[in-house]
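Structural characterization, general
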Amino acid sequence: MAIIKPFKLDDVREALSSVGVAGMTVSEVKGFGRQKGQTEIYRGAEYSTNMVPKIKVEVVCDDDLAPRVVEVVQQAANSGAIGDGKIFVLDVAQAVRIRTGETGETAL
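The present account deals with the structure reproduced in this document. As the structure is a computational prediction, the values presented were derived from the model and not from experiment.

Side note on the nonpolar core
Ranked by size, the top nonpolar core spans 14 residues in total, and within it Ile4, Val12, Leu16 and Val73 carry the most contacts. When residues of this core are traced back to their parent elements, those giving at least two are strand 1 (2-4), helix 1 (9-18), strand 5 (52-58) and helix 2 (66-77). Considering each element in turn, this core owes the most residues, five residues, to helix 2. Those residues in contact with Val73 that lie beyond four places of it in its chain are Ala2, Val12, Leu16 and Ile87.

Written as structure tokens, this is what we have:
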């Protein structure tokens, strides 16, 4: 799971595709971190708010691919400015493809 700046979404999507990630879930979210109360530029406008618009990208992948996914997301989402985001790596207990009933790695 990665929380990134909205304008970095295309870069992250392309980077994930380049390492073989076949799908992802993207959500528009709002939140704050250390930059709370500071201004941030979003779509060309400067905002001073506690809730900053972000994008949440969720990817489920095989354990072997996870370190590479983290690496490419970090590189693609990095603008060098405060508020670039965070990456969280979580364990998934089970995956089931609804249409076929496949489970585990084959469901990914």
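Okay, back to it.
Details of the layout of surface pockets
Quantified by volume, the largest pocket comes out at close to 600 Å³. Lining the largest pocket are 27 residues, with Val59, Val60, Cys61, Leu90 and Val92 positioned closest to its centre. Sorting the residues of the lining of the largest pocket by element identifies helix 1, strand 5 and helix 2 as the ones contributing at least two each. Considering each element in turn, the lining of the largest pocket owes the most residues, four residues, to helix 2. Residue classes in the lining of the largest pocket are distributed as 20 nonpolar, two polar and five charged.

Topic: a negative patch on the surface
Residues Asp63, Asp64, Asp91 and Glu105 make up a contiguous surface patch of negative charge. Judged by its relative accessible area of 58%, Glu105 falls in the exposed class.

Concerning the environment of Val73
With respect to the helices and strands, the residue Val73 is situated in helix 2. Accessibility expressed as a relative area gives 6% for Val73, which makes it buried. Taking C-alpha positions, Val73 is 19 Å from Leu108, a pair spaced 35 residues apart along the chain.

Quick word on the pattern of salt bridges
The tally for this structure, following the rule as stated, stands at five salt bridges. Salt-bridge contacts for Lys5 lead to Asp84; the nearest nitrogen and oxygen are separated by 3.8 Å. Note that Lys5 is positioned in the loop between strand 1 and helix 1 and Asp84 in the loop between helix 2 and strand 6 (85-87), a separation of 79 residues in sequence. The residue Lys8 makes a salt bridge to Asp11 at a minimum N-O spacing of 3.7 Å.

Here's the deal with the sheet that holds strand 5
Strand order in the open sheet formed by four strands is 2-5-1-6, with antiparallel pairing between adjacent strands. Either end of the sheet is taken by a strand with one partner, and the two such strands are strand 2 (25-31) and strand 6. Neighbour-to-neighbour, the strand axes of this sheet turn through a mean angle of 25°, independent of strand direction. Judged from the three bridges that link them, strand 1 and strand 6 form a sheet pairing that is antiparallel. Along strand 6, the bridge assignment pairs Ile3 with Lys86. Contacting strand 1, strand 2 and strand 5, helix 1 crosses the sheet at an angle of about 10° to strand 5.

Calculation criteria
Residues numbered from 1 in each chain as written. Predicted model: local features only at pLDDT ≥ 70, side-chain atom pairs only at ≥ 80, totals over all residues. Heavy atoms only, no water. Core = buried A, V, L, I, M, F, W, Y, C linked by side-chain atoms within 4.5 Å. Buried < 20%, exposed > 50% of the residue type's maximum accessible area, 1.4 Å probe, protein only. Helix = DSSP H or I, 4+ residues; strand = E, 2+ residues; numbered from the N terminus. Contact = heavy atoms within 4.5 Å. 1 Å grid on protein atoms, 1.4 Å probe; cavity = no way out; pocket = protein on both sides within 12 Å on 5 of 7 lines; lining within 4 Å. Points joined across faces, edges and corners; volume = space filled by probe spheres on them. Nonpolar A, V, L, I, M, F, W, Y, C, P; charged D, E, K, R; others polar. Patch = residues over 30% accessible without salt bridge, like charges linked within 9 Å, V, L, I, M, F, W, Y side chains within 5 Å. Areas by Shrake-Rupley, 256 points an atom, 1.4 Å probe, with all protein chains shown as cover. Salt bridge = Lys/Arg side-chain N within 4 Å of Asp/Glu carboxyl O. Lys, Arg positive; Asp, Glu negative; His and termini not counted. Charge placed at Lys NZ, Arg CZ, Asp CG, Glu CD. Pairing = 2+ DSSP bridges. Axes fitted to C-alpha atoms, helices over the stretch in contact; angles between N-to-C directions.

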